[in-house]
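Close look at the chain arrangement
Chain by chain, the residues:
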Amino acid sequence: WVYGTGFAPNEFSIEPTTETSNEIKLMRGNATYECAMQTEKCTDTQLACYTPRLPAGNYQVRVFVQGTLVPLSQHSSPSAAT
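Residues numbered from 1 in each chain as written. Predicted model: local features only at pLDDT ≥ 70, side-chain atom pairs only at ≥ 80, totals over all residues. Heavy atoms only, no water.

The next thing to look at is the packing of aromatic side chains. Tallied over the entire structure, the rule returns 2 aromatic pairs. Ring geometry for Trp1 against Tyr3: centres 6.2 Å apart, planes inclined by 15°, an arrangement best described as stacked. Tyr3 shares its class with Trp1; the two are exposed. Judged by centre distance (5.8 Å) and plane angle (80°), the rings of Tyr33 and Tyr59 are edge-to-face. In this pair, Tyr33 sits in strand β3 (residues 31-37) while Tyr59 sits in the loop between β5 (49-50) and β6 (60-65), placing the two residues 26 residues apart along the sequence. The buried category is assigned to Tyr59, whose relative accessible area is 9%. (Phe/Tyr/Trp six-rings, centres within 6.5 Å; stacked < 30°, edge-to-face > 60°. Buried < 20%, exposed > 50% of the residue type's maximum accessible area, 1.4 Å probe, protein only. Helix = DSSP H or I, 4+ residues; strand = E, 2+ residues; numbered from the N terminus.)

If you want it as structure tokens, here you go:
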């Protein structure tokens, strides 16, 4: 779960578009992994996704709203985005 404000409000859509979508990506080094969004659980204040099977380790969580990366400076706790 990722909590916040300003997420795309209409995540549950038959055909998601940039305007109606949020994405969560997990990053480690140069590798980026998609986190499968659970659209039925997403609102404009919370996002939910299932992480893929990954090697053990720390990954940085990056959120994209309507195709735009949310900068770490807008995270309530940037150091906890792992």
